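# Coordinates in review
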Amino acid sequence: MKILANDGISAKGISLLEKNGFKVMTTTVAQNQLGNFITSNNVQGLLVRSATKVDKDLIDACPNLKLIGRGGVGMDNIDVAYAQQKGIHVINTPAASSKSVAELVFAHLYGGVRFLYDANRNMPLEGDSKFKQLKKSYGNGKELSGKTLGIIGFGRIGQAVAKLALGAGMKVLFFDPVLDEVSLTLSFFDGQSVTFNLLRTEKEELLKASDFITVHVPAQKKYVLGKKEFDLMKDGVGIINAARGGVIDEVALVDALESNKVSFAGMDVYESEPRPEIRILMHPKISLTPHIGGATNEAQDRIGIELAEQIISYFK
Ligand SMILES: NC(=O)c1ccc[n+]([C@@H]2O[C@H](COP(=O)([O-])OP(=O)(O)OC[C@H]3O[C@@H](n4cnc5c(N)ncnc54)[C@H](O)[C@@H]3O)[C@@H](O)[C@H]2O)c1
């Protein structure tokens, strides 16, 4: 049976599938030729990440297709309801990248409190001529330890962030409308573990009490953080968005950065992705990454293996 991994799949995923008798094709076929390729090669499983679109037209063009797999979480690029209506099995790997996103949140947080985003811009330009001035301007950093992290959205990624925060000595508050209490177990390298019970904090309280706020909700119709929310926050709060563009009002964020209400922001996702606004890209108080939260080698391996295991169990 043939599987086309049109946006790629890890070597571990390919090897597991091949060991179980599947033929894996990793050619990246252009969107407009995909229907023809799938049908003429009798591909029965199509694996995508976020680049390939699996819409009604493509589904209609591939009557032999039995399975569509998304490596990652969001299914926005797949017409899941239509595929299922046509009898196609749809799978994804929602948990595979949670740890990777959580670590990126901490990369932005640790970078934020020590001005790494700005030092890395200015050291190449002035590090040799103005070393002492730069040393002085970045010399009033803060520690994360002992500070309060507010997590809005406490699903897989929010909880992975909380575990890192607890390990870093932070106080953790969370808000999630569907969760009252969450028990988190931190497992350590030598088999020891510690379990924490956390109770929900209402959103307004979290906004007022947090030194840093990170958002881990799915795509929303309304902003989760806008002017009203920024106004409630502590002066000098740090904000992270590694969830979705459109979760934070970027205009209100820039205003809050300008007024020093927010001291820095870490952003992996943008309202106008894939062309983020210039005033976001050029802002000296924003730490920037190009939507790479889930993009680690370890997450790619887990995604490949999880997809392969689901495919094997579905077809066998
Ligand atoms: N940066 C990246 O590369 C990257 C990678 C993977 C996932 N993500 C994004 O991370 C986000 C979270 O993913 P996840 O796997 O943790 O999802 P999840 O479904 O496990 O958890 C989301 C949680 O948010 C809660 N929620 C929904 N609306 C809310 C609101 N208005 N206020 C507070 N809580 C709310 C839900 O109840 C749920 O518990 C998604 O938007 C996903 O697209 C980003």
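Rules used in this analysis
- Residue numbers here run from 1 along each chain, matching the order of that chain's written sequence.
- Thresholds applied to this predicted model are a pLDDT of at least 70 for local features of residues and 80 or more for the giving and counting of side-chain atom pairs; totals over whole chains, interfaces and linings are not thresholded and use all residues.
- Only hydrogens and water are removed before side-chain values are computed, so all heavy atoms of the structure are retained for them.
- Labels follow the DSSP assignment, with helices taken as runs of H or I lasting at least four residues and strands as runs of E lasting at least two, numbered in each case from the N terminus.
- Three exposure classes are used, based on accessible area relative to the maximum for each residue type with a 1.4 Å probe and protein chains only: buried under 20%, partly exposed in between, and exposed over 50%.
- Here, axes are lines fitted to C-alpha atoms. For helices the fit covers the stretch in contact, and angles between N-to-C directions go from 0 to 180 degrees.
- Between 65 and 115 degrees an angle is taken as roughly perpendicular, under 35 as roughly parallel, over 145 as roughly antiparallel, and anywhere else as oblique.
- Each crossing is labelled by how the near helix is turned from the far one, with a counterclockwise turn of less than a right angle marking it left-handed and a clockwise turn marking it right-handed.
- Only heavy atoms enter the contact rule, under which two residues are in contact if any of them lie within 4.5 Å.
- Each residue gets one label: Ala, Val, Leu, Ile, Met, Phe, Trp, Tyr, Cys and Pro are nonpolar, Asp, Glu, Lys and Arg are charged, and the others, such as Gly, are polar.
- As used here, the term nonpolar core means buried Ala, Val, Leu, Ile, Met, Phe, Trp, Tyr and Cys residues forming a set that is joined through side-chain atoms within 4.5 Å.
- Neighbouring residues are identified by heavy atoms, a residue being near a molecule or strand if any of them is within 4 Å of it.
- Identification of polar contacts relies on pairs of N or O atoms within 3.5 Å, with a donor-acceptor requirement for protein atoms, meaning one able to donate a hydrogen and the other able to accept it, and with residues adjacent in sequence counted only if both atoms are side-chain atoms.
- Accessible surface area values rest on a Shrake-Rupley calculation with a 1.4 Å probe, where residue burial reflects the displayed protein chains alone.
- Both cavities and pockets are sets of points on a 1 Å grid over the protein atoms alone; in a cavity a 1.4 Å probe fits but cannot get out, in a pocket the set is open with protein on both sides within 12 Å along at least five of seven lines, and lining residues sit with an atom within 4 Å of a point.
- To qualify as sitting in a cavity or pocket, a molecule needs more than half of its atoms within 2 Å of the grid points.
- Grid points are joined across faces, edges and corners, and a volume is the space filled by probe spheres set on the points.
- In this scheme, strands are said to pair when DSSP sees at least two bridges between them.

### Quick notes on the environment of Asp255
Mapping Asp255 onto the fold places it in helix 11 (residues 250–258). A relative accessible area of 48% means that Asp255 is categorised as partly exposed.

### Side note on the packing of helix 5 (residues 98–113) against helix 8 (residues 156–167)
Contact geometry of helix 5 with helix 8 gives a least axis separation of 8 Å together with a crossing angle of 50°. With respect to helix 8, the axis of helix 5 lies oblique. Like other packed secondary-structure pairs, helix 5 and helix 8 cross with a definite hand, here right-handed. Note on element contacts: helix 8 touches helix 5 through Arg156, Ile157, Ala160, Val161, Leu164 and Ala165, opposite Ser98, Val101, Ala102, Glu103, Val105 and Phe106. A per-class count over the contact of helix 5 with helix 8 returns 9 nonpolar, 1 polar and 2 charged.

### Section: the nonpolar core
Grouped together as the largest cluster of nonpolar side chains are 32 residues, with contacts concentrated most on Phe106, Leu109, Leu149, Ile151, Phe154, Met170 and Phe212. For this core, the secondary-structure elements that each account for two or more residues are helix 5, helix 6 (116–126), strand 6 (148–152), helix 8, strand 7 (171–175) and strand 8 (181–187). Here this core takes 6 residues from helix 5, the largest share from any one element. The contact partners of Met170, leaving out residues within four places of it in the chain, are Phe106, Leu144, Gly146, Lys147, Thr148, Leu149, Ala165 and Phe212. Within the second largest apolar cluster, 27 residues are counted, among which are Leu206, Ile213, Val215 and Ile280.

### Regarding the site of the ligand
Neighbouring the ligand are 23 residues, the closest being Ile157, Asp176, Val217, Arg244 and Asp268. Contact distances for the ligand include 2.9 Å between a nitrogen atom and a side-chain N or O atom of Asp268. In this structure, Gly293 approaches the ligand through a main-chain N or O atom, which is 3.2 Å from an oxygen atom. A total of 870 Å² of accessible area belongs to the ligand in isolation, and the protein chains cover 83% of it. Spatially, the ligand is embedded in the largest pocket. Per-class residue counts for the shell around the ligand are 11 nonpolar, 8 polar and 4 charged.

### Section: empty space enclosed by the protein
Taken as a whole and judged by the stated rule, the model has 1 cavity of 30 Å³ or more. Looking at the largest cavity, the residues that line it are Gly8, Ile9, Ser10, Leu47, Val48, Arg49, Gly71, Gln300, Ile303, Gly304 and Leu307. Elements that contribute at least two residues to the lining of the largest cavity include exactly strand 3 (43–48) and helix 13 (297–315). Examining the composition of the lining of the largest cavity, we find that 4 residues originate from one element, helix 13, more than from any other. Per-class residue counts for the lining of the largest cavity are 5 nonpolar, 5 polar and 1 charged.

### Digging into the sheet that holds strand 13 (residues 286–288)
Pairing is parallel across the open sheet formed by 6 strands, whose spatial order is 7-6-10-11-12-13. On the outer flanks of this sheet lie strand 7 and strand 13, each paired with one strand and no other. Neighbour-to-neighbour, the strand axes of this sheet turn through a mean angle of 15°, independent of strand direction. Note that strand 12 (residues 262–267) and strand 13 share 3 bridges and pair parallel. Residue pairing for strand 13: Gly266 is matched across the bridge by Ser287. Together, strand 12 and strand 13 form the strand contacts of helix 6, whose direction differs from that of strand 13 by roughly 80°.

### Some words on the sheet that holds strand 2 (residues 23–25)
Whether parallel or antiparallel, the strands of a sheet pair through hydrogen bonds between backbone atoms. A sheet is described by the order of its strands in space; here 5 strands give the open sequence 2-1-3-4-5, paired in parallel fashion. Because the sheet does not close on itself, it has two edges, and the strands there are strand 2 and strand 5 (89–92). If you compare each strand with its neighbour and ignore which way they point, the axes differ by 20° on average. The sheet contact formed by strand 1 (residues 2–5) and strand 3 spans 4 bridges and is parallel. Its bridge partner lying in strand 3, Ala5 is registered against Leu47.

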